[in-house]
Amino acid sequence: MTELFSGLVIDYPYLWRWQDDRGETEGRKERPSCLAFVVKGKSDGLTHVALLAISSTAPREGQVTVEVPEAERRRAGLDPAKRAWITVSEWNHDIAERSFYLGRNARRFGRFGDSFLREVLIAFRPFLGREIDRR
C-alpha cells in the first residue's frame, strides 16, 4: 500500500452530506480531497482516514470552509489560478486497507504545508462527529 499522510491531496469520489441524505452511497465524481488525518486504529490495527473535499465552487450558505491560498494551491498540485475551498463542516471516513479508492492507483496531486494544514485542522475540529462513513 502506498504511504498515506495528513495533508496529502488525492482524487477521491467524495460523498457530500446532501448525497448521503438522499440515500446515495458513492460520490458522483472524483474530486481533489485532503487527507485531514491518518491514524492506526488501536483495536483493529487498520488505517483510518478522514477526507475533506476541495472545491473550486464558492461555499454554500451553512457550509464551513477554509479558503486555500495560492501558494498552498501550488504546493498541493491544484490550479493556482482557480480559487479553492476545503469544506471542514463535513467529511468522509474510509479505511485504507478496505478501500477501493485509497490504493496505489489513487491520483496524488501534492500536499499542503504543515502550518496551513494546522489551520485547516483547527477549523475542522468542531465537526469531527459529522463524518460520512464509507467503510
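Note that the coordinates shown come from a computational prediction; the quantities given were computed from them, not determined experimentally.

Engineer: An account of the side chain of R73 is needed here, citing residue identities and associated values.
Structural biologist: Its place among the elements puts R73 in helix α2 (residues 70–75). Despite its burial, R73 pairs with no opposite charge; the closest candidate is E70, at 4.7 Å N-O. Beyond its immediate stretch of four places on either side in the chain, R73 contacts V68, L78, D79, P80, K82, R83 and A84.

Engineer: Before we move on, could you go through the layout of surface pockets and cite the residues and values that matter?
Structural biologist: Here the largest pocket defines a volume of roughly 280 Å³. Around the largest pocket, the lining is made up of 16 residues, and of these P32, S55, S56, L78 and K82 lie nearest the centre. Looking at the lining of the largest pocket, the elements with two or more residues in it are β2 (31–40) and β3 (47–55). Residues that form the lining of the largest pocket fall into these classes: five nonpolar, four polar and seven charged. The volume enclosed by the second largest pocket comes to roughly 230 Å³. Lining of the second largest pocket is provided by 17 residues; of these, W16, W18, R31, S55 and R60 occupy positions nearest its centre. Secondary-structure elements contributing two or more residues to the lining of the second largest pocket are α1 (17–21) and β5 (85–87). A breakdown of the residues in the lining of the second largest pocket according to their chemical character gives six nonpolar, seven polar and four charged.

Engineer: Could you give me a rundown of the pattern of salt bridges, with the residues and numbers involved?
Structural biologist: Scanning the entire structure with this criterion turns up eight salt bridges. Between D11 and R107 there is a salt bridge whose closest N-O contact spans 3.7 Å. With D11 in strand β1 (residues 8–12) and R107 in the loop between β6 (91–95) and β7 (108–111), this residue pair connects regions lying 96 residues apart in the sequence. For D11, a relative accessible area of 13% corresponds to the buried category. Between R111 and D114 there is a salt bridge, with the nearest N and O atoms lying 3.5 Å from each other.

Engineer: Explain empty space enclosed by the protein to me, using residue names and the numbers behind them.
Structural biologist: One way to see where empty space is left: roll a probe the size of a water molecule over the atoms. Going through the model one piece at a time under the given rule, you end up with one cavity of 30 Å³ or more. Estimates place the volume of the largest cavity at around 30 Å³. Lining the largest cavity are L4, L8, I10, L102, G103, A106 and R108. Of the residues that constitute the lining of the largest cavity, the class distribution is five nonpolar, one polar and one charged.

Engineer: Describe the pairing of β1, with residues and values.
Structural biologist: Along β1, five of the five residues are buried, which leaves the element largely enclosed by surrounding structure. What you see with β1 is no split at all: L8, I10 and Y12 on one side and V9 and D11 on the other are buried throughout. Here β1 pairs with β7 via three bridges, running antiparallel. Bridge assignment links I10 to a residue of β7, and that residue is R108.

The rules behind the values
Residues numbered from 1 in each chain as written. Predicted model: local features only at pLDDT ≥ 70, side-chain atom pairs only at ≥ 80, totals over all residues. Heavy atoms only, no water. Helix = DSSP H or I, 4+ residues; strand = E, 2+ residues; numbered from the N terminus. Buried < 20%, exposed > 50% of the residue type's maximum accessible area, 1.4 Å probe, protein only. Lys, Arg positive; Asp, Glu negative; His and termini not counted. Salt bridge = Lys/Arg side-chain N within 4 Å of Asp/Glu carboxyl O. Contact = heavy atoms within 4.5 Å. 1 Å grid on protein atoms, 1.4 Å probe; cavity = no way out; pocket = protein on both sides within 12 Å on 5 of 7 lines; lining within 4 Å. Points joined across faces, edges and corners; volume = space filled by probe spheres on them. Nonpolar A, V, L, I, M, F, W, Y, C, P; charged D, E, K, R; others polar. Pairing = 2+ DSSP bridges.

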